[in-house]
Amino acid sequence: MTALLQRTVLFADLRGSTGLFETLGNAEAAAVVTQSVAIMGQIVGACGGVVVKTLGDGLMAVFEKSQGGIDAADEMHESLDRVLADAPRKGTRRPALKLQVAMAQGEVVELAGDCFGDAVNVAARLLDRAGDNETLTTQQVLDGLDPDHRGRFRSLSKLQLRGRQESVQVYRLEARRFGETVATIFEGMEPTAAPDGIRLSWLDASRVFAGTDLPAVLGRSPQATYCVDDTRVSRSHCRIEWHGGTFQVSDLSYNGTFVRFAGRDEVVSLRRGSCTLHGSGVMCLGAAPTDPTAPAVHFEVLSFQETAPSV
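Residues numbered from 1 in each chain as written. Predicted model: local features only at pLDDT ≥ 70, side-chain atom pairs only at ≥ 80, totals over all residues. Heavy atoms only, no water.

Asker: Mind laying out the overall build of the protein, listing which residues take part and the relevant values?
Answerer: The secondary structure content of the protein amounts to seven helices and 19 strands. Looking at the protein residue by residue over its 311 residues, the buried ones come to 46%. Counting only carbon and sulfur atoms, one obtains 51% of the accessible surface of the protein, whose full area is about 15,500 Å². (Helix = DSSP H or I, 4+ residues; strand = E, 2+ residues; numbered from the N terminus. Buried < 20%, exposed > 50% of the residue type's maximum accessible area, 1.4 Å probe, protein only. Areas by Shrake-Rupley, 256 points an atom, 1.4 Å probe, with all protein chains shown as cover.)

Asker: Provide a residue-level description of helix H2 (residues 26-46), including the pertinent values.
Answerer: Since there are 3.6 residues in each turn of an α-helix, residues three or four apart along the chain are aligned in direction. With 21 residues, H2 should cover 30 Å at 1.5 Å per step; its first-to-last C-alpha distance of 30 Å lies within 8% of that length. Just downstream of H2, Gly48 is the residue with a positive phi angle, here 85°. (Expected span 1.5 Å × (residues − 1).)

Asker: Tell me about the sheet that holds strand E15 (residues 257-261), residues and numbers included.
Answerer: The six strands are arranged E10-E9-E19-E18-E15-E16 in an open sheet whose pairing can be described as antiparallel. In this open sheet, the two strands that pair with only one neighbour each are strand E10 (205-210) and strand E16 (268-270). Adjacent strand axes in the sheet meet at a mean angle of 25° when their direction is disregarded. (Pairing = 2+ DSSP bridges. Axes fitted to C-alpha atoms, helices over the stretch in contact; angles between N-to-C directions.)

Asker: Residue-level account of the sheet that holds strand E17 (residues 274-277), with values.
Answerer: Sheet architecture is open: five strands sit in the order E12-E11-E13-E14-E17, paired in mixed fashion. Each having just a single partner strand, strand E12 (226-227) and E17 make up the two edges of the open sheet. In terms of strand pairing, strand E14 (residues 246-251) meets E17 through four bridges, oriented antiparallel. Pairing of Gln248 across the sheet is with Thr276, part of E17.

This is the structure in structure tokens:
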């Protein structure tokens, strides 16, 4: 029987399981992954949701209320921390396993125990854009929350998702403890712009990003904050933001983002991962720095004196 329902769709995915098997071995790694997915399913039920299906290292679930999906995402992240803390270690190495969560709200078609529809497609595509231990949501999910629960969300930008003509406004859910701390410490204070900035240079295009300019999305799309027109660059390739007192770059692409700091030979390879930018260096989008034709965006983290307006 077919039913049309308004639901919040949640996708959750564990990443890093390949490295986990290399670190712990097949038996122990499989136990950790299986336990993690089972706990995620239990959390969905406890938060009023229904698991539609498991997807290897993750799952898909639906909720009648947006708040149920948000509560489930919070519990999933915190439960994974506890699972990994108790997991067996190989030497001094702690198992590395990351959780990505994405949610969208809208009409879904329920058919034979499965769900279909635009909200399902958006949530699935948005999961591809989530960084390590991130939860991303759409505007419609926020609209379903009480006003006092929306303060934990940070607007990222409009992202162009594969298979969709219209871009989607995306928000990131800050960690529960982080959100509560910020609300307590800064309550009643006037917001101030971050004093630091970052300069990006590609070919003859140089621009400084600071304060309200961030986050900045680098990509091939004309709608990207900083456009890098090269076929190896994804439409929304990577994101730079000011977070926790540092500049961080998060890869959103299919071909990867490669970072090399000035004076260093090592290359940091980001594939759906993040790293902190400091000093200066180069970010190559879609190809490694060893490729002389790689689209290379030079970056330089600036001090307050370099970003403050002249008097």
